[in-house]
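Architecture at a glance
So the chains spell out like this:
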Amino acid sequence: MSTLSIRVHGTPAPMGSKRHVGNGVMVESSKAVKPWRQAVASAAVDALPPEGWTPMDGPLGLHVMFIFPRPASHYGTGRNAALLKPSAPAYKQSAPDLSKLVRSTEDALTDAGVWRDDARVAHILAEKAYGDSPGAVITIRSLT
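Here goes a summary of the coordinates provided. Sequence positions are assigned chain by chain, starting from 1 and proceeding in written order. A pLDDT threshold of at least 70 governs which residues receive local features in this predicted model, and a stricter bar of 80 or more applies before side-chain atom pairs are shown or counted, although totals over entire chains, interfaces and linings include all residues. Note that the side-chain values use all heavy atoms of the structure and ignore hydrogens as well as water.

1. Focus: the packing of aromatic side chains
Classification of ring pairs uses Phe, Tyr and Trp, with its six-membered ring standing for Trp, and accepts pairs whose centres are within 6.5 Å; under 30 degrees between planes counts as stacked, over 60 as edge-to-face, and the remaining range as tilted. A full pass over the atoms with the stated rule returns one aromatic pair. Residues Trp36 and Phe66 carry aromatic rings whose centres are separated by 6.5 Å and whose planes lie at 55° to one another, so their mutual orientation is tilted. In this pair, Trp36 is assigned in helix α1 (residues 33–47) and Phe66 in strand β4 (residues 60–68), connecting sequence segments 30 residues apart. Only runs of H or I of at least four residues qualify as helices and only runs of E of at least two qualify as strands under DSSP, and these elements are numbered from the N terminus.

2. What about the pattern of salt bridges?
Here, a salt bridge means any Lys or Arg side-chain nitrogen found within 4 Å of an Asp or Glu carboxyl oxygen. A complete count under the given rule lists three salt bridges for this structure. Arg37 serves as the salt-bridge partner of Asp111, at 2.6 Å between the closest nitrogen and oxygen. Placement of Asp111 in helix α2 (residues 98–111) and of Arg37 in helix α1 is noted, with a sequence separation of 74 residues between them. Asp57 is the partner of Arg116 in a salt bridge, and the nearest nitrogen-oxygen pair spans 3.3 Å. Of the two residues, Arg116 sits in the loop between α2 and β5 (121–130) while Asp57 sits in the loop between α1 and β4, which places them 59 residues apart along the sequence. Here the salt bridges share partners, and the residues they tie into one network are Asp57, Arg116 and Arg120.

3. Brief notes about the environment of Thr139
Examined against the element boundaries, Thr139 turns out to sit in strand β6 (residues 135–142). Remark: the alpha-carbon pair of Thr139 and Ile124, spanning 15 residues in sequence, is separated by 10 Å. Contacts are residue-level and defined by heavy atoms, with any inter-residue pair within 4.5 Å sufficient. For Thr139, the residues in contact, after removing those within four places along its chain, are Thr3, Leu4, Ser5, Gly61, Leu62 and His63.

4. A look at the packing of α1 against α2
Lines fitted to the C-alpha atoms define the axes, with helices restricted to the stretch that makes contact. Angles between their N-to-C directions range from 0 to 180 degrees. Across the interface, α1 lies against α2 with an axial gap of 8 Å and an inter-helix angle of 50°. By the angle class used here, α1 and α2 are oblique. Where α1 crosses over α2, the handedness of that crossing is right-handed. Across the interface between the two elements, Val33, Trp36, Arg37, Val40, Ala41 and Ala44 of α1 pack against Ser104, Thr105, Asp107, Ala108, Leu109 and Asp111 of α2. Its residues placed into classes, the contact of α1 with α2 shows seven nonpolar, two polar and three charged. Note on angle classes: values under 35 degrees are labelled roughly parallel, values over 145 roughly antiparallel, values of 65 to 115 roughly perpendicular, and the remainder oblique. Left-handed is the label given to a crossing in which the near helix is rotated counterclockwise from the far helix by less than a right angle, and right-handed is the label when the rotation is clockwise. Ten residue types, Ala, Val, Leu, Ile, Met, Phe, Trp, Tyr, Cys and Pro, are classed as nonpolar, four, Asp, Glu, Lys and Arg, as charged, and the remainder, Gly among them, as polar.

Here you go:
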């Protein structure tokens, strides 16, 4: 398989900082990252062929569109409450950081066995957009 497409439902969460809890144990400081990584891994496993999957290897391209729900301020008021304001942006320009979102998603894809290692990713296109169904659309393709 030279291309794999995955649709993840849920709220995208960035890989945060880790904190030391003693005896050399580090834990993720963000409580949201674990459910996000589980959602990504589960969606990835569901997208894999039913048998005979070999993790992708070689140079890989990764395209991820993270989709966030729109805030109420993007919509009108009163009878226009269901209408998007003309000034509402298409892309999310605030936290979380895009690079940290990519990192948490790459780690989840590694855990799911989609690819041998996220170090194989040689090209990344990532976006943060607003949409009706929060989550991510992920496409991984072989660059060879």
